[in-house]
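Structural overview
The primary structure of each chain is shown beneath.
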Amino acid sequence: MTEPIRQVKKGILDSVPIVIGYIPASITFGLVGKALSLSDLEVFLLSALVYAGASQFIAAKLMAAGTAAPIILLLTLIINLRYFFISMSFSSRLNRKSRPFHKGLVGFGLTEEVYAVSMMSDKNRKDAGNHSLPYLLGLEVPPYAVTLISTYAGILLAGYIPADILPALNTSLYALLIALVIPQIRRNTRNLAICISAAVSSWLLQSRLSGPLHPPEISRE
């Protein structure tokens, strides 16, 4: 077995948890897109071209509301600014001999989950900091392909699945993120402290933001 093929197979194997998490999320997006009365092509292209999770759902809702295209593009750009920082960190771990086209191809398929898995794999390699193109393609292509297939499946199932159960289908994506974080927490107390502080901060901010917006009801009895 040649080294490139071995790297592709390793990337595909590492992508399995991502694929499992993307299936219900993409099916849900297909269902939500159809529930918002978007056309099949619009829903599918949002998944194929945007490929950014939350941005797809937001863009679909804005399109359904008749929002102007420049506003949709601007909001999507702002929401996806996180990928700018992820890409900066990830670029230092790419093979420096990679061509610009290959870097662009890898950049399009880069998601938070791909980034996390690649960082975990990076720690177990002797040539850490130098991901090969075959490995990255093996890691990124299956999740993208499954996203398209699952989105189309959601479009086809839109007439059969009740809208009430849509939120439940997305829970596996949260389970995927938790599964990726837990090994890092167990290995490093600093990561544990970061996760705890982030959870506490999120809880405090949510409490303050939701308080004035949702005042408690006063009993009239």
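A brief report on the enclosed structure follows. (Residues numbered from 1 in each chain as written. Predicted model: local features only at pLDDT ≥ 70, side-chain atom pairs only at ≥ 80, totals over all residues. Heavy atoms only, no water.)

Moving on, we come to the overall build of the chain. Assigned secondary structure in the chain consists of 12 helices and 0 strands. Across the 221 residues in the chain, those meeting the buried criterion constitute 33%. Long-range pairs, those at least 24 residues apart, make up 77% of the contacts in the chain with a sequence separation of at least 6. Only carbon and sulfur atoms are counted for the fraction: they give 69% of the accessible area of the chain, which is about 14,000 Å². (Helix = DSSP H or I, 4+ residues; strand = E, 2+ residues; numbered from the N terminus. Buried < 20%, exposed > 50% of the residue type's maximum accessible area, 1.4 Å probe, protein only. Contact = heavy atoms within 4.5 Å. Areas by Shrake-Rupley, 256 points an atom, 1.4 Å probe, with all protein chains shown as cover.)

Summarising the element assignment, Thr 28 is placed in helix α2 (residues 16-35). At 2.7 Å, the side chain of Thr 28 forms a polar contact with the backbone oxygen of Pro 24. (Polar contact = N/O pair within 3.5 Å; in protein donor to acceptor, adjacent residues only side chain to side chain.)

Even without being glycine, Ser 37 reaches a positive phi, approximately 70°. In this model, Tyr 51 sits at a positive phi of 50°, which is unusual for a non-glycine residue. With a relative accessible area of 6%, Tyr 51 lands in the buried category.

Right, let's talk about the packing of aromatic side chains for a bit. One pass over the structure, following the stated rule, counts 6 aromatic pairs. A ring pair is formed by Phe 90 and Tyr 115, whose centres lie 6.3 Å apart and whose planes are at 55°; its orientation type is tilted. Taken as a pair, Phe 90 in helix α6 (residues 82-91) and Tyr 115 in helix α8 (residues 112-122) lie far apart in primary sequence, 25 residues in all. Here Phe 108 and Tyr 144 contribute two aromatic rings whose centre-to-centre distance is 5.5 Å and whose plane-to-plane angle is 75°, an arrangement assigned as edge-to-face. One end of the pair, Phe 108, is in helix α7 (residues 100-108); the other, Tyr 144, is in helix α9 (residues 133-157), with 36 residues separating them in the sequence. By the ring-pair criterion, three or more aromatic residues cluster together here, those being Tyr 51, Phe 108 and Tyr 144. (Phe/Tyr/Trp six-rings, centres within 6.5 Å; stacked < 30°, edge-to-face > 60°.)

Grouped burial of nonpolar side chains is what soluble globular proteins tend to show. If you look at the biggest cluster of nonpolar residues, it comprises 16 residues, and the most contacted ones within it are Ile 18, Phe 90, Leu 136 and Leu 139. The set of elements that each furnish at least two residues to this core consists of α2, α6, α8 and α9. Setting aside its immediate chain neighbours within four residues, Phe 90 contacts Val 106, Leu 110, Tyr 115, Ser 118, Met 119, His 131 and Leu 136. If you look at the next biggest cluster of nonpolar residues, it comprises 9 residues, including Phe 29, Leu 38, Ala 59 and Leu 62. (Core = buried A, V, L, I, M, F, W, Y, C linked by side-chain atoms within 4.5 Å.)

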